[in-house]
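Residue-level structure breakdown
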Amino acid sequence: MRKRHSPEFKAKAVLETLKEERTLNQIASDFEVHPTMLSAWKSSAVKGMATLFEKESKVQADQEAYDKQIEELYAQIGKLTTQVAWLKKTRSANLP
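Residues numbered from 1 in each chain as written. Predicted model: local features only at pLDDT ≥ 70, side-chain atom pairs only at ≥ 80, totals over all residues. Heavy atoms only, no water.

**Observations regarding the packing of aromatic side chains**
Counted under the stated rule, the structure contains two aromatic pairs. Considering the side-chain rings of Phe 9 and Phe 31, the 5.5 Å spacing of their centres and the 80° angle between planes classify their relative orientation as edge-to-face. Of this pair, Phe 9 sits in helix α1 (residues 7-19) while Phe 31 sits in helix α2 (residues 24-31), and the two are 22 residues apart along the sequence. A relative accessible area of 24% means that Phe 9 is categorised as partly exposed. Where Phe 9 meets Trp 41, the ring centres are 6.2 Å apart and the plane angle is 85°; that geometry is what we call edge-to-face. With Phe 9 in helix α1 and Trp 41 in helix α3 (residues 35-48), the pair connects residues that are 32 residues apart, well separated along the chain. With relative accessibility at 11%, the residue Trp 41 sits in the buried group. Linked through ring pairs, Phe 9, Phe 31 and Trp 41 together constitute an aromatic cluster. (Phe/Tyr/Trp six-rings, centres within 6.5 Å; stacked < 30°, edge-to-face > 60°. Helix = DSSP H or I, 4+ residues; strand = E, 2+ residues; numbered from the N terminus. Buried < 20%, exposed > 50% of the residue type's maximum accessible area, 1.4 Å probe, protein only.)

Below is the structure:
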């Protein structure tokens, strides 16, 4: 059976590897994971570390653009729903 580890567990394990106070095998033994898995978590964490230091304004701008797009899509859905309802109404009125 495959174990699933929480993000908190992975973060603790990666922090221990980044401290470099003990060997990878010792840390893996303490956390009861394979050293290869620990290395993979570490490399993933190091790759994603740059995003921690992105300016909040960029993240906020992206969020605002996303929210604006969602609002526009909802407006378009409302408009199309109204048009369909009107077409159904006029079509049924024109039927003999």
